Amino acid sequence: MARRTTIRDLHKSAQEGRKLSMVTAYDAFSARLVDEAGIDMALVGDSLGTTVQGRDNTLAVTLEHTLYHTEIVARCTRRAFVVADMPLGSYQCGENAAVANCIACIKAGAQGVKLEGGARVTRLVQRLTEAGVPVMGHLGFTPQSIHATSGPRLNKAAETLLADARALAAAGAFALVLEMVPAAVAREITAACPVPTIGIGAGPHCAGQVLVFFDMLGYSPEFSPKFLKRYMQFHEQALAALNQYRSEVEAGKFPGEEHSY
Ligand code: KIV
């Protein structure tokens, strides 16, 4: 029987040069698929605000939402390392409350938590590490600061990113997401950091890659940032299937005798 991936497994794979894969998961459907596909890590991303809740950004996601989805993803995976993405407000509320909120996500079934930010969260990362809570950092474009950055852009110099990455790793972070970081900078951080970097829009030199489940499967054809590769055209295929079903029902072609008891 498959056993749950550990941080040691992730670090060993990265040391051996095998790239790590991470995909977001939010519910039984996505969690089971991600797990069955052998993806290393399932991220219960706060992207659930846009993908599942239909909002414009991730800001309205609450700790309760994250706990609810983390519990489902943990229950519906056997092998993937599950990371709960701490939503805005759940770790900017004083260190004691932040530690309690992260521990709540571990109790919900996550193996680790992800926090956005560099220097401003390193003390917290250290406290969580001391408390036995594995932390994944997130540098570069940090969607929870979208108002401060005036949109999806990187507003930090390469030296600051490198210093932040080193500080997070020194504080105990087990991996770092690099979002929309120039490929050359991501390569430098990856070479300088003792923990795996997981890129999204950060070029080919990171130790691993993350994509949002719905984006990579082509749920929203209108969303096509440069970093995205679609591995199927779900929207078109699902729409065609639903249209066919509707017209067969309307025409009395489905259900037939063979579909009855
Ligand atoms: O919320 C999310 O899905 C993320 C990934 C894009 C890294 O933070």
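Note that the structure is predicted; figures quoted are calculated from it, not measured.

A. Molecular detail of the overall build of the protein. Secondary structure summary: the protein contains ten helices and eight strands in total. By the compact-globule yardstick of 18 Å for 261 residues, the protein fits well, its C-alpha radius of gyration being 20 Å. Dimensions of the protein, computed from the C-alpha atoms along their principal axes, are close to 65 × 40 × 35 Å. In the protein, which comprises 261 residues, the proportion classed as buried is 47%. Of the contacts made within the protein by residues no fewer than 6 positions apart, 56% connect residues no fewer than 24 positions apart. A total of about 13000 Å² of accessible surface is found on the protein, and carbon and sulfur atoms cover 56% of it. Positive and negative side-chain charges of the protein, numbering 25 and 25 respectively, have mean locations separated by a distance of 6 Å.

B. View of the pairing of strand E5 (residues 135-140). Where burial is concerned, most of E5 is hidden: six out of the six residues are buried. The two faces of E5 match: Val135, Gly137 and Leu139 on one face and Met136, His138 and Gly140 on the other face are all buried. Bridge count for strand E4 (residues 112-116) against E5 is four bridges, and the pairing is parallel. Paired with Val113 across the strands is Val135, a residue of E5.

C. Just the domain arrangement of the protein, in detail. Each domain of the protein was delimited in the assignment, giving domain 1 (7-230) and domain 2 (233-261). On the domain 2 side, the residues contacting the five residues of domain 1 number four residues. Seen at the junction of domain 1 and domain 2, the total is zero salt bridges. Taken together, domain 1 and domain 2 are joined by four residue pairs in polar contact (both at pLDDT 80 or more). Here the side of domain 1 that touches domain 2 is built from residues that sort into three nonpolar, one polar and one charged.

D. Region of interest: a nonpolar patch on the surface. A cluster of nonpolar residues, Tyr245, Val249 and Phe254, forms a patch on the protein surface that exposes about 270 Å² of accessible area. On the accessibility criterion, Phe254 (30% relative accessible area) is partly exposed.

E. Seen up close, the site of the ligand. Lining the immediate environment of the ligand, one finds Thr24, Leu43, Gly45, Asp46, Ser47, Asp85, Lys114, His138, Ile200 and Val212. A distance of 2.6 Å separates an oxygen atom of the ligand from a polar atom in the side chain of Ser47. The protein chains hide 95% of the 260 Å² of surface that the ligand would expose on its own. A breakdown of the residues in the shell around the ligand according to their chemical character gives three nonpolar, four polar and three charged.

Rules used in this analysis
- Residues numbered from 1 in each chain as written.
- Predicted model: local features only at pLDDT ≥ 70, side-chain atom pairs only at ≥ 80, totals over all residues.
- Heavy atoms only, no water.
- Helix = DSSP H or I, 4+ residues; strand = E, 2+ residues; numbered from the N terminus.
- Rg over C-alpha atoms; globule rule 2.2 N^0.38 Å.
- Buried < 20%, exposed > 50% of the residue type's maximum accessible area, 1.4 Å probe, protein only.
- Contact = heavy atoms within 4.5 Å.
- Areas by Shrake-Rupley, 256 points an atom, 1.4 Å probe, with all protein chains shown as cover.
- Lys, Arg positive; Asp, Glu negative; His and termini not counted.
- Charge placed at Lys NZ, Arg CZ, Asp CG, Glu CD.
- Pairing = 2+ DSSP bridges.
- Domains from an automatic or database assignment.
- Salt bridge = Lys/Arg side-chain N within 4 Å of Asp/Glu carboxyl O.
- Polar contact = N/O pair within 3.5 Å; in protein donor to acceptor, adjacent residues only side chain to side chain.
- Nonpolar A, V, L, I, M, F, W, Y, C, P; charged D, E, K, R; others polar.
- Patch = residues over 30% accessible without salt bridge, like charges linked within 9 Å, V, L, I, M, F, W, Y side chains within 5 Å.
- Near = heavy atom within 4 Å.

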